[in-house]
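The residues making up each chain are set out below.
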Amino acid sequence: MKIQIINGPNLNLLGVREPGIYGASSFLTYLDELKTKYPEIEFAYFQSNIEGEIINRIHETGFSFDGIILNAGAYTHTSVAIHDAIKAVNTPVIEVHISNVHSREEFRRQSLIASACKGVIAGFGLDSYRLAVEAIKN
Ligand code: DQA
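Residues numbered from 1 in each chain as written. Predicted model: local features only at pLDDT ≥ 70, side-chain atom pairs only at ≥ 80, totals over all residues. Heavy atoms only, no water.

> Lay out the pattern of salt bridges in plain terms, naming residues and giving numbers.
A complete count under the given rule lists 6 salt bridges for this structure. With its nearest N and O atoms 3.2 Å apart, the salt bridge here joins E106 to R109. Assessed through its relative accessible area of 57%, E106 is described here as exposed. Here the salt bridges share partners, and the residues they tie into one network are R104, E105 and R108. (Salt bridge = Lys/Arg side-chain N within 4 Å of Asp/Glu carboxyl O. Buried < 20%, exposed > 50% of the residue type's maximum accessible area, 1.4 Å probe, protein only.)

> Lay out the site of the ligand in plain terms, naming residues and giving numbers.
As a matter of local geometry, the ligand sits amid R17, Y22, N71, G73, A74, H77, H97, I98, S99, V101 and R108. Note that an oxygen atom of the ligand is positioned 2.8 Å from one of the side-chain N or O atoms of N71. Here an oxygen atom of the ligand sits 2.8 Å away from a polar atom, N or O, in the side chain of R108. About the coverage of the ligand: the protein hides 99% of its 320 Å² of free accessible area. When each cavity is represented as a set of grid points, the ligand is found to reside in the largest pocket. (Near = heavy atom within 4 Å. Polar contact = N/O pair within 3.5 Å; in protein donor to acceptor, adjacent residues only side chain to side chain. Areas by Shrake-Rupley, 256 points an atom, 1.4 Å probe, with all protein chains shown as cover. 1 Å grid on protein atoms, 1.4 Å probe; cavity = no way out; pocket = protein on both sides within 12 Å on 5 of 7 lines; lining within 4 Å. Sits in = over half its atoms within 2 Å of the grid points.)

> Go over the layout of surface pockets, please, and point to the residues and values.
Of the volumes computed, that of the largest pocket is approximately 170 Å³. In this structure, the largest pocket is lined by 15 residues; those nearest its centre are R17, Y22, G73, A74 and R108. Here the residues of the lining of the largest pocket are counted per class, giving 6 nonpolar, 6 polar and 3 charged. (Points joined across faces, edges and corners; volume = space filled by probe spheres on them. Nonpolar A, V, L, I, M, F, W, Y, C, P; charged D, E, K, R; others polar.)

Written out as structure tokens, the structure reads:
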């Protein structure tokens, strides 16, 4: 099984950025834990602060991988183009968020990508990604 994890803008700063909200662990440290927990799964990881690069990666893996776990960061709330990219591919995409976007500012409550995704997981810290892996496995 092959799973693509895509992190969007500012998520390269996990561990440093607002640790009270996003935690103190870097994503690469967490990714190592995921790989250890699921040795049978091949994980590909991609992070970009650039909307078009995220779209390109969805196109590149969206016809051959078993699942895409996408934390589009702030593009979640703004990007029709990422919505359209998700709709354009065959691979199911799970929207994830580290924080509970519904308990924060009003503008985070709207997702422009959720309706194109298979499901949404938010608010469980980095464990949101593991829950998404379980969803794809099942
Ligand atoms: C986030 C929530 C978004 O609103 C925010 O812009 C992010 C991170 C999360 O994982 O909680 O960059 O997607």
